Amino acid sequence: MKKLSIALLLLGSLTLHAQEQKWRYEYPFIIVDAPAKLRTMRQSNENFLSAYRIGARTLGEALPDTVNLGFAKRSKLQTLVLAEALSELLLYPITHEEGHRSILTAEGIGSTSAPFFDLSGVAYVNGVTDATLQHLRDTKFPTYIRLHTAGNESDYMLALRSNALMTWDKETNGVLLIDYLFRKVSVTFYHIFSYEISFREPHISNELERDIVGHDVLSAIRHLHRPDMEFTRFTNPDDLTDEEKAFHKRVRNRALINMIDPMIFLKRGFTLKSGAKLNFAGGYAMAPFGDFIDEHFWLASGKLNAHFYLREFENRSTWFPAAGAEFANIPLANRWIADVGLHGWQQPQNLDFNTTQGQWGGAIDAMLKYRFFTSGKNGMGLSLNLGVTAKTQGFLPEEVAMGSHIGGRLGVSIWLK
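Report follows, based on the coordinates. Throughout this description, residue numbers start from 1 for each chain and increase along the sequence as written. Restriction of local features to residues with pLDDT of at least 70 applies here, the model being predicted, together with a cutoff of 80 or more for giving and counting side-chain atom pairs; totals for whole chains, interfaces and linings are based on all residues. Only heavy atoms go into the side-chain values, all of them from the structure, while hydrogens and water stay out.

## Let's talk about the pairing of strand β7 (residues 277-287)
A large share of β7 lies buried, amounting to 9 of its 11 residues. Paired strands, in this sense, are two strands between which DSSP finds at least two bridges. Helix numbers and strand numbers start at the N terminus; a helix is a DSSP run of H or I with at least 4 residues, a strand a run of E with at least 2. As judged from the 2 bridges shared by strand β6 (residues 270-271) and β7, these two strands associate in the antiparallel manner. Following the sheet pairing, Phe270 is matched in β7 by Leu278. As consecutive antiparallel partners, β6 and β7 are separated by 5 residues, and within that stretch Gly275 has a phi angle of approximately 95°, a positive value. Relative to strand β8 (residues 290-300), β7 runs antiparallel, the two being bridged by 11 bridges. Following the sheet pairing, Asn279 is matched in β8 by Trp298. In this antiparallel pair of consecutive strands, β7 and β8, the connection spans 2 residues. Exposure categories follow from relative accessible area, calculated using a 1.4 Å probe and restricted to protein chains: below 20% of the type maximum is buried, above 50% is exposed, and the middle band is partly exposed.

Next comes the structure, spelled out in structure tokens:
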């Protein structure tokens, strides 16, 4: 942790003395990520968010000041908010289900994502046999639990990305706020109302057509407590033991921490005497060995865009600390920009739900961007992005690899002034 603190101080010093960026909006897209199997959770999230932002911004610029919707006239902002709200009902399941699917793909298990609500109001991933899922459970248990929790993990990380962009003034409320609020509320309510939104196992004879895990939260809790029980995908509230119901109560209560967030009340940060802006938010989600609580802090100034967090993991009954920092768009030289993230943690040994023994680990994530094209005429630029993630064993949200791993990624960014 001492080395991590020194690295943060050096990086902060470098950033504070760097020249201010003149480009406001960046829309990054990942072309290839590790493992190079379409698509990782990070790849799906980043590409979706950039496409969503471009679409919302284009729509907002195309709308007239007053729009006649047939049943009423609305202002441009009202119309944009309505369009974004309707689009959430259609688009929200895409990244949620891609989160589930990405865990299977990383393990070399083929599956099919059906990311649109059917007539019963359910979106899911299918195409996997019971034998395959049971083998995953019996051989890579933390990965099997993450298969359940990855959908909410994906939504949670997307919300963090959006909060950073709005706090740093790299995106407007009109473009991102609706999507942000929808994901924050969805992650919270998914955990809180697990009993109410659970559903009975459908009578589908072809197991390849069945949802891979059933209800994400309830099934994860049941498997954590009874990893060797007779295999079954679906879990209903009355399937849980008293101990499992007590654990669900813990999950439900802690999910409310997601609502500790000024952004929910349209507060994009607090201005300090120095002129810099500070924002914060609480966070909660489940992990492959239990769950975790976050305290997030974003700092924005003319020369620094940073995100710091403290994190507390817990398995059955033991707490494990973690912390990290991320710095965005550090100007290095003419046309060269960098993003850097540093993460350190203690997690249960072997990611075990029951152990009291901890294991230290960490990760470094870096992205180097070269802006090879700029246009003074329309204020647009393009950059080629090359990134690398190096980590020890452990769970890092949005990174699908939970073992020791070094992986690269290639992408591009569209820049606008």
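Having put the structure on the table, let's press on.
## As for the packing of helix α3 (residues 76-106) against helix α6 (residues 173-192)
Taken N-terminus to C-terminus, the directions of α3 and α6 make an angle of 50°; their axes are 10 Å apart at the nearest point. Between α3 and α6, the angle falls in the class oblique. With respect to the hand of their crossing, α3 and α6 are arranged in right-handed fashion. The segment α3 lies against α6, with Leu80, Val81, Glu84, Ala85, Glu88, Leu89, Tyr92, Thr95 and His96 engaging Gly174, Val175, Ile178, Asp179, Phe182, Arg183, Ser186 and Tyr190. Throughout this entry, Asp, Glu, Lys and Arg are counted as charged residues, while Ala, Val, Leu, Ile, Met, Phe, Trp, Tyr, Cys and Pro are counted as nonpolar. The remaining residues, Gly among them, count as polar. The class makeup of the residues in the contact of α3 with α6 is 9 nonpolar, 4 polar and 4 charged. Interaxial angles span 0 to 180 degrees and are taken between N-to-C directions of axes, which are lines fitted to C-alpha atoms, for helices over the stretch in contact. Working definition: roughly parallel below 35 degrees, roughly antiparallel above 145 degrees, roughly perpendicular at 65 to 115 degrees, and oblique for all remaining angles. Whether a crossing is left-handed or right-handed is set by the direction in which the near helix is turned from the far one by less than a right angle, anticlockwise for left-handed and clockwise for right-handed. Whether two residues touch is decided by their heavy atoms; if any such pair falls within 4.5 Å, the residues are in contact.

## Some thoughts on the nonpolar core
Residues belong to one nonpolar core when they are buried, are Ala, Val, Leu, Ile, Met, Phe, Trp, Tyr or Cys, and are joined through side-chain atoms within 4.5 Å. With 22 residues, the main nonpolar core has Phe292, Phe313 and Phe395 as its most contacted residues. Listing elements by their share of this core, those giving two or more residues are α5 (141-167), β7, β8 and β10 (319-333). For this core, the leading source of residues is α5, giving 4 residues. Apart from residues lying up to four places away in sequence, Phe313 is in contact with Phe289, Asp291, Phe292, Thr318, Trp319, Phe320, Ala322, Trp345, Gln346, Gln347 and Phe395.

## A few points about empty space enclosed by the protein
The gaps of empty space that remain are located by a probe, the size of a water molecule, rolled over the atoms. Only protein atoms enter the calculation, which uses a 1 Å grid: trapped sets of points that fit a 1.4 Å probe without letting it out are cavities, open sets showing protein on both sides within 12 Å along at least five of seven lines are pockets, and any residue with an atom within 4 Å of a point is a lining residue. Grid points are joined across faces, edges and corners, and a volume is the space filled by probe spheres set on the points. Enumeration according to the criterion identifies 6 cavities of 30 Å³ or more in this entry. Taken as a whole, the largest cavity encloses approximately 960 Å³ of empty space. For the largest cavity, the lining is made up of 42 residues, of which Glu46, Arg161, Glu326, Asp339 and Glu398 are closest to its centre. The residue makeup of the lining of the largest cavity, split by class, is 19 nonpolar, 8 polar and 15 charged.

## Some points on the sheet that holds strand β11 (residues 336-348)
For sheets, the rule is that strands pair by backbone hydrogen bonds, running either parallel or antiparallel. Taken in spatial order, the 10 strands line up as β1-β14-β13-β12-β11-β10-β9-β8-β7-β6 in an open sheet, and their pairing is antiparallel. Every other strand in the sheet has two partners, leaving β1 (25-32) and β6 as the edge strands with one partner each. Along the sheet, α5 makes contact with β7 and β8, crossing β7 at roughly 175°.

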